[in-house]
Amino acid sequence: MAWSTRRLADLADTTVKAIRHYHATGVLEEPARAANGYKQYRTAHLVRLLQIRQLRDLGMSTAEIRSTIDSDDLFFDTVRSLDARLSASIERQQKIRADLAELLAHRTGPDVPVGFESIADSLTEPDRAVIAISALLYDEQGMRDLREIAEDHQDADIGFNELPADADAEAIRAVAIRLAMVLRGIHEDYPGTRTPPRPTNVREREALHALYQSLPDLYNPAQIEVLGQAFRLSQEDGSSDETGS
C-alpha cells in the first residue's frame, strides 16, 4: 500500500503544506518516488506523521521533535521541559482568573490597577496613575506591600488630597508634618521604603524617571511641596514634629 501526499495528509488529518514542512525540517523522511515522479508514502511514513502530530499536540516544536528523533534521553528531557512550561503557564492563567474574579467582584474600571480592586473607592485618580506606573518598577512583593500601605493609611491622605494649589506655607507645613509621621510608620513596617527604589536595569531607570516626571502632572504645586517636605522630615528625628519647628 502506498499513498500520495494528499492522501497521507487526509489520513493523518493534516495538510500537504505541513508534510512539506516536516520534510524540509528533517522530522519526516522523504519517500521513494514512483516512475511518474509522484511520492509514495508507506506505513512507516504514516506512523511517523501521526507521532509528529501527537508531539505537536503536546506542545513540542518541530525543532524539539527533530532533536529527539534518535535519543530517548533528549526526548524525556524535552518532555520534562514541556511539563515545566505548561505548569508555569497554568499558574499564570490561574492568576489571571483570580485577577478577573476580583474585577468582577468589585466591578472596578480599567483605571484600577490589578490587586487594588478592593480599595478602589479610596484611591484618587492620581493615586491610581502612580500605582500603575509603580508596577513598572516593583516586583509582585513590592506591589503587595504598596497595596497594604494604601489600605492601612487611607485616612492620612485626606488632608493631602484636599490641599489646594494656592495653600500657604503654614498649611503645607502642617500637612507635611502629619504625612511625615505616617511615613515613619511605613518605614518601620516596610524598611525598603526608607530610600527611593534603586533601578537595576535600563527599563527600571526609565520607569523611575517616568514616575518622578509624572508627579507635576498628577499633583498641584502645594502637594508636590508637601511630598518633598514630608519625605525629608521622615528621615529626621520626629521630636520636632509636635512643634512644627
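Residues numbered from 1 in each chain as written. Predicted model: local features only at pLDDT ≥ 70, side-chain atom pairs only at ≥ 80, totals over all residues. Heavy atoms only, no water.

1. Observations regarding the overall build of the protein chain
Piece 1. Along the backbone of the protein chain there are 11 helices and 2 strands.
Piece 2. Secondary structure elements of the protein chain occur, N-terminal to C-terminal, as α-α-β-β-α-α-α-α-α-α-α-α-α.
Piece 3. Taking 2.2 N^0.38 as the reference for a compact globule, 245 residues should give roughly 18 Å; the C-alpha atoms of the protein chain span a radius of gyration of 31 Å, well beyond that estimate.
Piece 4. C-alpha extents for the protein chain along the principal axes are approximately 100 × 35 × 30 Å. (Helix = DSSP H or I, 4+ residues; strand = E, 2+ residues; numbered from the N terminus. Rg over C-alpha atoms; globule rule 2.2 N^0.38 Å.)

2. Quick notes on the packing of aromatic side chains
Piece 1. One pass over the structure, following the stated rule, counts 2 aromatic pairs.
Piece 2. Each ring, one from F75 and one from F76, has its centre 5.2 Å from the other, and the planes form 75°; the classification is edge-to-face.
Piece 3. The class for F76 is partly exposed, based on a relative accessible area of 45%. (Phe/Tyr/Trp six-rings, centres within 6.5 Å; stacked < 30°, edge-to-face > 60°. Buried < 20%, exposed > 50% of the residue type's maximum accessible area, 1.4 Å probe, protein only.)

3. What about the environment of R205?
Piece 1. Of note, R205 is situated in helix α10 (residues 202–218).
Piece 2. In this structure the C-alpha to C-alpha distance between R205 and A167, which are 38 residues apart in sequence, comes to 33 Å.

4. Focus: the nonpolar core
Piece 1. In terms of nonpolar packing, the biggest core is built from 22 residues, with L163, I172, I186, V226 and A230 touching the most fellow members.
Piece 2. Of all the elements in the fold, those that place two or more residues in this core are α6 (125–134), α9 (169–189) and α11 (221–234).
Piece 3. If one sorts the elements of this core by residue count, α9 sits on top with 9 residues.
Piece 4. In this structure, A230 is in contact with A176, L179, A180 and L183, ignoring residues within four places of it in sequence.
Piece 5. Within the second largest apolar cluster, 18 residues are counted, among which are W3, L8, I52 and M60. (Core = buried A, V, L, I, M, F, W, Y, C linked by side-chain atoms within 4.5 Å. Contact = heavy atoms within 4.5 Å.)

5. Examining α9
Piece 1. Helix length check: α9, at 21 residues, gives a terminal C-alpha distance of 30 Å against a target of 30 Å (1.5 Å per residue), a fit within 8%.
Piece 2. Where α9 is buried, its residues meet α7 (140–152), α8 (157–162) and α11. (Expected span 1.5 Å × (residues − 1).)

6. Overview of the confidence of the model for the protein chain
Piece 1. Averaged over all residues, the pLDDT of the protein chain equals 89, while 95% of them reach at least 70.
Piece 2. Mean pLDDT per element in the protein chain: α8 is the minimum at 86, and helix α2 (residues 16–25) is the maximum at 95.
Piece 3. Within the model, pLDDT remains below 50 along residues 239–245, and this stretch shows 9 contacts once partners closer than five positions in the same chain are excluded. (pLDDT = per-residue confidence, 0-100.)

7. Topic: the environment of G228
Piece 1. Tracing the backbone shows G228 in helix α11.
Piece 2. Distance from G228 to A180, taken between C-alpha atoms, is 9.9 Å for residues 48 residues apart in sequence.

8. Topic: the packing of α9 against α11
Piece 1. Axis separation between α9 and α11 bottoms out at 7 Å; the angle between their running directions is 50°. Overall, the two elements α9 and α11 adopt an arrangement that is oblique. In this structure, α9 meets α11 at a crossing whose hand is right-handed. Contacts between α9 and α11 involve I172, R173, V175, A176, I177, L179, A180, L183, R184 and H187 from the first element and A222, E225, V226, L227, Q229, A230, F231, L233 and S234 from the second.
Piece 2. Considered class by class, the residues forming the contact of α9 with α11 number 13 nonpolar, 3 polar and 3 charged. (Axes fitted to C-alpha atoms, helices over the stretch in contact; angles between N-to-C directions. Parallel < 35°, antiparallel > 145°, perpendicular 65-115°, else oblique. Left-handed = near helix turned anticlockwise from the far one by under 90°. Nonpolar A, V, L, I, M, F, W, Y, C, P; charged D, E, K, R; others polar.)

9. Concerning the pattern of salt bridges
Piece 1. A complete count under the given rule lists 9 salt bridges for this structure.
Piece 2. As a salt-bridge pair, R80 and D77 come within 2.6 Å of each other at their nearest N and O atoms. Highlighted residues: R80 and D77, both in helix α5 (residues 72–106), separated by 3 residues, approximately one helical turn.
Piece 3. With relative accessibility at 53%, the residue R80 sits in the exposed group.
Piece 4. The class for D77 is partly exposed, based on a relative accessible area of 39%. (Salt bridge = Lys/Arg side-chain N within 4 Å of Asp/Glu carboxyl O.)

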